[in-house]
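# Inside the fold
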Amino acid sequence: MGRYVVRRLLQMIPVFIGATLLIFLMVNVMGDPIAGLCGERQCDPATAAQLKKEFGLDKPVWQQYLTYMGNVFTGDFGTAFNGQKVTELMSTAFPVTIRLTIVAIIFEIVIGITLGVITGLKRGRPVDTSVLLLTLVVISVPTFVTGLLLQLLLGVEWGWIKPSVSPDANFGELIVPGLVLASVSLAYVTRLTRTSIAENRRSDYVRTAIAKGLPRRRVIVRHLLRNSLIPVITFIGTDIGALMGGAIVTERIFNIHGVGFQLYQGILRQNTQTVVGFVTVLVLVFLVANLLVDLLYAVLDPRIRYA
Amino acid sequence: MPEPFESEGAISGAGMGGAMDLAVAEGQTLETAPGGPDGTGPAGRPRSLWSDAWRDLRRNPVFIISALVILFLVVISLWPSLIASGNPLKCDLAKAQEGSQPGHPFGYDGQGCDVYTRTVYGARKSVTVGVCATLGVALLGSVLGGLAGFFGGFWDSLLSRITDIFFAIPVVLGGLVLLSVVTSNTVWPVIGFMVLLGWPQISRIARGSVITAKQNDYVQAARALGASNSRILLRHIAPNAIAPVIVVATIALGTYIALEATLSYLGVGLKPPTVSWGIDISAASPYIRNAPHMLLWPAGALAVTVLAFIMLGDAVRDALDPKLRS
């Protein structure tokens, strides 16, 4: 197990370097960050040169990248051009997005898996068909449309929630945005659980468990569900990174000041340090989540042993 | 005489995020079509996986409905004037935000343009982006993934690592960063971006599928008979490994259309005066309270389009995957 973890951690290094380098290059293509700093006016060439020197932008890209990564590993994510430390922005933005993601994941687990189990056990019945159709509709309607519609209905027409979230963004306010963020993945989790349950229901160990005379509930929860959840957990695990990165749209609709908001601002203002810093952390979250998922495998499926 | 298809292309690999991978996410496999004596058609000829699938599809109402919707969309994106006589760019500010009127069933948008005409004309960009992005992704992904799977070794490992890197970057975020500099008014930057970030998904599937097909006896037989690599790849492996790619690509087509609208909503996709659903939804969202019709019509059209492609992909998967039949 220990060796496996070490090997996986080593494998993460090239992916991490590649992904951050890619983002670094993309952001560099994004345009002259100094131009964004001077606002609407054209920069005075001398000031521009001075600023470039100050931020180390006169060096070649690869050197900038190395310096940047060196700083990141000492905990210095640089300074946004408005003088705020990027780490400071992160410390206000990440808790909000993490809360949002937690709400979304809870929705995925509770609703997604429940619906998946019900439809998987009642395959071909009306419940199954209607839930399946519903998931297709949810997948087809883009998140921003779902979000805008829910905001209109719940927030404006019926007044159940506040249409936009306060800067505190506590859990209560994030329920509807969390549902919006989760919606598409929720549909996938449902379909995935359904397929998995339906496939495993015909397996030998389930027949044995039933033949032993175990109560139906126990067969489903202890035998069927435990084995069927393996692909679902992979999906939810990889989804953590996607949810945090995909929160841009949801956060924009509900005016949540999280990671997506900061990234959007950073991109609009061509604030390279903010963008690269946030994306670096998101990539790390994605990689670590994937590793944890693989380790969870061994817990769920005793057949898998990591040497 | 074509050999009976024995496709065992397992769709493998957990797809990250992007709503792109219905087939992958469900971890299903495309299993062997019944070959040999059981798979002979009425005329006594062996039925291939494809003719089997086609027989199934013709009887599947979901397939027929979604195919008809898509046909309709393609026709109106080629000739929008067939059903909308107006000009989508001819607007009358005096009529801004007005509701439904005779001759203008969907009402007017914030600039006083006819929402019906704009919704009809918006189909063209969505369909163009979806089809071109899917073709690009499928071509690039299956060639790279197929070659890597076939030859293995160093290039295969390299490709797998590159795929991992691309999976680690959130799609919408990459779009915001890359497309925020683009000032061009055409669909090509958006398509290029989708191909750039989309190909790893297909390449992973194509790779797995080629690796499975490669181990089949007929490939060994062809090799023993002295067939060249290119002949083995094109004649024996490609036809047997392509099914999972087609399934995922069809579903991805729908999600690319949704992605284009999302990017346009964020202001980095297509840009006005291009007529597109995403742009119209984005423009309508501030007025959602007073004039929801401005948002609902293009959003509805978008949803129906995406739904049609996803259902088509779903139906094709069911047809190509006999294992799922109960």
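Everything in this summary refers to the structure shown in the same document. For clarity, every value in this text was computed on a predicted model and none was experimentally measured. (Residues numbered from 1 in each chain as written. Chains lettered and ligands numbered in written order. Predicted model: local features only at pLDDT ≥ 70, side-chain atom pairs only at ≥ 80, totals over all residues.)

## Some details on the overall build of chain B
- In terms of helices and strands, chain B carries 11 helices and 0 strands.
- Reading the helices (α) and strands (β) of chain B from amino to carboxyl end gives α-α-α-α-α-α-α-α-α-α-α.
- Taken across its 326 residues, chain B has 52% of its residues classed as buried.
- Partitioning the contacts of chain B with sequence separation of at least 6, the portion at a separation of at least 24 is 73%. (Helix = DSSP H or I, 4+ residues; strand = E, 2+ residues; numbered from the N terminus. Buried ≥ 20, exposed ≤ 12 C-beta atoms within 10 Å, placed from the backbone. Contact = placed C-beta atoms within 7 Å.)

## Here's the deal with the overall build of chain A
- Per the secondary structure count, chain A includes 12 helices and 0 strands.
- Of the regular secondary structure in chain A, the N- to C-terminal order runs α-α-α-α-α-α-α-α-α-α-α-α.
- Dimensions along the principal axes, computed over C-alpha positions, put chain A at roughly 85 × 55 × 30 Å.
- For chain A, with 307 residues in total, the buried portion stands at 41%.
- The contacts of chain A with a sequence gap of at least 6 include a subset with a gap of at least 24, amounting to 74%.

## Observations regarding the interface of chain B and chain A
- Counting residues at the interface gives 41 residues for chain B, matched by 48 residues for chain A.
- For the side of chain B that touches chain A, the secondary structure elements donating two or more residues are helix H5 (153-167), helix H6 (171-179), helix H9 (229-265) and helix H11 (293-320) of chain B.
- When residues of the side of chain B that touches chain A are assigned to their parent elements, the largest contribution, 8 residues, is made by H11(B).
- Partitioned by chemical class, the residues of the side of chain B that touches chain A number 28 nonpolar, 9 polar and 4 charged. (Nonpolar A, V, L, I, M, F, W, Y, C, P; charged D, E, K, R; others polar.)

## A word on unusual backbone geometry
- A positive phi angle, close to 55°, is found at Asn255(A), a residue other than glycine.
- Of note, Asn255(A) is situated in the loop between helix H10 (216-253) and helix H11 (259-268).

## With respect to helix H7 (residues 143-157) of chain A
- In a regular helix each residue adds 1.5 Å, so 15 residues correspond to 21 Å; H7(A) covers 20 Å between its end C-alpha atoms and thus fits that length.
- When we look at burial in H7(A), the residues that qualify are Thr143(A), Phe144(A), Val145(A), Thr146(A), Gly147(A), Leu148(A), Leu150(A) and Gln151(A).
- Turning to H7(A), the residues buried within the fold contact helix H8 (175-200) and H10 of chain A together with H9, helix H10 (277-284) and H11 of chain B.
- With its phi angle positive at about 65°, Gly159(A) sits one or two positions after the end of H7(A). (Expected span 1.5 Å × (residues − 1).)

## Some details on the nonpolar core
- Ranked by size, the top nonpolar core spans 163 residues in total, and within it Ala168(B), Leu176(B), Val190(B), Met194(B) and Ile202(B) carry the most contacts.
- Here this core takes 19 residues from H9(B), the largest share from any one element.
- Once residues lying within four places of it in the same chain are set aside, the contact partners of Ala168(B) are Val15(A), Ala19(A), Val283(A), Phe286(A) and Leu287(A). (Core = buried A, V, L, I, M, F, W, Y, C linked by C-beta atoms within 7 Å.)

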